[in-house]
Amino acid sequence: MRRTLTVPLVATGAVVTSLGLAAPAQAHGYVSAPPSRQALCAQGKVPDCGQIRYEPQSVEGRKGLRSCSAGITQFAVLDDDDRGWPATPVGSTVTFTWVNTARHATSNWEYFIGGTRVGVVDGGGRQPEATVSHTVNLGGFSGRQKILAVWNISDTANAFYACVDVQLGGGGPTPSPSPTPTRTPGPTPTRTTPPPTTPAPSPTVGGTWAAGRSYQVGDLVTYQAVSYRCRQAHTAIPGWEPPYVPALWTQV
Amino acid sequence: MVAAVLLLAGCAPAASPATPVPSPSNGSGASTVVGGLDRVFLHAMTAHQERTLAIVRVAPQRIRQPGLRTLVAAVEATETDEVAQAREWLRAAGPDPGGHRHEHPDPSGAPDPVSRLRDTPAAGYDAVLVAVLVAQQRQAAELARAHLALAASPAVRDLARRIDESRTAQIRLLTALPVARVTP
């Protein structure tokens, strides 16, 4: 097997950072929910999409465009309404989620049906979170609709585009009382309630692995009937179950 | 240095008996086929994790709070393994099908947490590190959560779930530490 040693031998911050930025697929963002046309292509749910399959986050063009492809020839499939794009059933309000693989400072997000702007959310020129969600009221529309979602970047001349096909009145979210698009805070992790993570007072011998416990090197636990020995001190947390984190636990 | 060793281990496990490739469920390694959005997710997440690793490696010797020191060391160890695993999947998936690519620096306006930490003396280091890590891990959890509904490969979905869970829990641990709060 060819060894691709892209991680620097000298792990200085600067070197690692620059490598991280050079990751080619890092760029930009797309609408993940309801799935945009490029997301459906990338998932393989709509076949034969061509290059967009590999970079759904790259539909970038100058601001003010109104096409699904941003005029990029390779992505022209996105403009083709006859490709059998599945329409996601939604209620009269729709929550759109963008996955931002590069967090560009944002002037705003806009949503269009045909020539009508049905939603706008201010970005304040700030860097957005890695994902953002916006709830847009589509109360005046019915049936199948194609929504053009636009992410206007504030520090470049460009915007990112995504078309989302929805079937209105097909269920989904309950109608929202708000007449205008509102920015939902999104699923921000709770940082309010510190968990009861009192360190275990003495090295654990045996016992079942448990989140919240502090383990020291040499501690023995069982997890799903398998025994493990702690090889690096840590407080156990969900997602760090012993079989998943060989840096912390060795099977014995 | 640790990262390089672990990466080598990913291709030649015998070289580092301390680091078995994690394979708890749903297969891993070359048997995991990633494509489409899974590939996009893995690229984005590994790039994000490289920045996390850079952050935790700036000056761990300046950390004073013992709980923070332990957590940061465990984050470095576990994420180093995760990155190695993700890179193995991406390698097994074959070369990226090129095309419309553009690289550019991180979006402007983002203060560089690495240089900020580098310039922070031991006196205020814990507070800055906690602020930076909370923001960094929140982004990781959000990216992972957004991918849960989109993942095609069970192994990649499992990774996304564990990233969401572990980073969310890390934020709780970080914010519970007796460390002063500063803006990230």
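For clarity, every value in this text was computed on a predicted model and none was experimentally measured. (Residues numbered from 1 in each chain as written. Chains lettered and ligands numbered in written order. Predicted model: local features only at pLDDT ≥ 70, side-chain atom pairs only at ≥ 80, totals over all residues.)

1. Notes on the sheet that holds strand β13 (residues 226–230) of chain A
Residue and element names in this part refer to chain A. On the basis of which strands lie adjacent, the open sheet formed by three strands has the order β12-β13-β15 and antiparallel pairing. Bordering the open sheet on either side are β12 (220–223) and β15 (249–251), each of which pairs with just one other strand. Taken over all neighbouring pairs, the strand axes of this sheet differ in orientation by 40° on average, direction set aside. In terms of strand pairing, β13 meets β15 through three bridges, oriented antiparallel. By the bridge assignment for β15, R229 is matched with T250. (Pairing = 2+ DSSP bridges. Helix = DSSP H or I, 4+ residues; strand = E, 2+ residues; numbered from the N terminus. Axes fitted to C-alpha atoms, helices over the stretch in contact; angles between N-to-C directions.)

2. Notes on unusual backbone geometry
Residues and elements named next belong to chain A. Residues A33 and P34 are joined by a peptide bond in cis, for which omega reads -15°. Relative to the assigned elements, P34 resides in the loop between β1 (29–33) and α2 (37–43). One non-glycine residue, D48, adopts positive backbone phi at about 55°. Even without glycine at this site, A225 takes up a positive phi of about 70°. Inspection of the secondary structure puts A225 in the loop between β12 and β13. Owing to 6 C-beta atoms within 10 Å, A225 belongs among the exposed residues under this scheme. (Buried ≥ 20, exposed ≤ 12 C-beta atoms within 10 Å, placed from the backbone.)

3. Things to note about the environment of A:Q57
With respect to the helices and strands, the residue A:Q57 is situated in the loop between α2 and β2 (60–62). Once the C-alpha coordinates of A:Q57 and A:S32 are considered, the two residues, 25 residues apart in sequence, prove to be 9.8 Å apart.

4. Here we look at helix α3 (residues 66–92) of chain B
Taking 1.5 Å per residue as the helical rise, α3(B) with its 27 residues ought to reach 39 Å, and the 39 Å between its terminal C-alpha atoms agrees with that figure. Looking at the residues trailing α3(B), positive phi occurs at B:G94, about 90°. (Expected span 1.5 Å × (residues − 1).)

5. Quick look at the confidence of the model for chain B
Residues and elements named next belong to chain B. Here chain B averages 80 in pLDDT, while 75% of its residues score no lower than 70. By mean pLDDT, helix α1 (residues 2–11) is the weakest element of chain B at 36, and helix α6 (residues 154–176) is the strongest at 97. When the criterion is pLDDT under 50, residues 1–30 qualifies, and its contacts beyond four places in sequence or with other chains add up to 56 contacts. Contacts of residues 99–105 to residues separated by more than four positions or lying in other chains number 13 contacts, the stretch itself having pLDDT below 50. (pLDDT = per-residue confidence, 0-100. Contact = placed C-beta atoms within 7 Å.)

6. Concerning the packing of helix α2 (residues 36–56) of chain B against α6(B)
Residue and element names in this part refer to chain B. Between α2 and α6, whose axes approach to 11 Å, the crossing angle comes to 40°. Handedness of the α2/α6 crossing: left-handed. In this structure, α2 uses D38, F41, L42 and M45 to contact α6, whose residues at the interface are V156, A160 and I163. (Left-handed = near helix turned anticlockwise from the far one by under 90°.)

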